[in-house]
Amino acid sequence: MGETVKETIIAIIAEQALLEPGDVTLDQTPDDLGLDSLALVEAIFAIEERFDISVPFNANTPGENAFDITSVASIIGAVQQLVDEQST
């Protein structure tokens with residue numbers, strides 16, 4: 001895997017937000033980036049496919065998920081944890 005988890009997640013989020021990866025910062029929220037619920041779900045699907053993981057996220061109850069989507073940094077951290085768990 002040439003790209004890091006961080007770079008890959010930022011690229012996926014940027015694509016869904018119709019931004020350049022350089023315009024995405026770690027402290028931004030999905031709302032800051034203009035991601036509506038559909039774009040967020042599309043990003044989650046892309047993350048699952050790219051890393052071959054299952055993300056515990058339910059779009060119907062976004063505040064009740066074990067997967068933290070409060071910021072770009074929290075999404076990266078949650079994905080990294082899932083990737084690490086899978087490789088053990």
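All values derive from a computational prediction rather than experimental measurement.

Rules behind the numbers
- Residues numbered from 1 in each chain as written.
- Predicted model: local features only at pLDDT ≥ 70, side-chain atom pairs only at ≥ 80, totals over all residues.
- Heavy atoms only, no water.
- Helix = DSSP H or I, 4+ residues; strand = E, 2+ residues; numbered from the N terminus.
- Buried < 20%, exposed > 50% of the residue type's maximum accessible area, 1.4 Å probe, protein only.
- Polar contact = N/O pair within 3.5 Å; in protein donor to acceptor, adjacent residues only side chain to side chain.
- Expected span 1.5 Å × (residues − 1).
- Contact = heavy atoms within 4.5 Å.

Asker: I'd like a description of the environment of Glu 7, backed by residues and values.
Answerer: Along the chain, Glu 7 turns up in helix 1 (residues 5-17). For Glu 7, a relative accessible area of 43% translates into the label partly exposed. Linking Glu 7 and Pro 21, residues 14 residues apart in sequence, is a C-alpha distance of 8.3 Å. There is a polar contact of 3.0 Å between the side chain of Glu 7 and the backbone nitrogen of Thr 4.

Asker: Kindly report on unusual backbone geometry, identifying the contributing residues and their values.
Answerer: Look at Leu 18: it is not a glycine, yet its phi comes out positive at around 60°. By the element assignment, Leu 18 lies in the loop between helix 1 and helix 2 (37-51). Positive phi, normally seen in glycine, also occurs at Asp 52, with a value near 55°. With respect to the element layout, Asp 52 can be found in the loop between helix 2 and helix 3 (72-86). The exposure class of Asp 52 is exposed, given its relative accessible area of 58%.

Asker: Break down helix 2 for me, with residues and values.
Answerer: Taking 1.5 Å of rise per residue, 15 residues should cover 21 Å, and helix 2 covers 21 Å from first to last C-alpha, within 8% of that figure. Listed as buried for helix 2 are Ala 39, Leu 40, Val 41, Ala 43, Ile 44, Ile 47, Glu 48 and Phe 51. Residues of helix 2 that are buried sit in contact with helix 1 and helix 3. Among the residues of helix 2, the N-terminal cap falls to Asp 36, whose side-chain oxygen and the backbone nitrogen of Leu 38 are separated by 3.2 Å.

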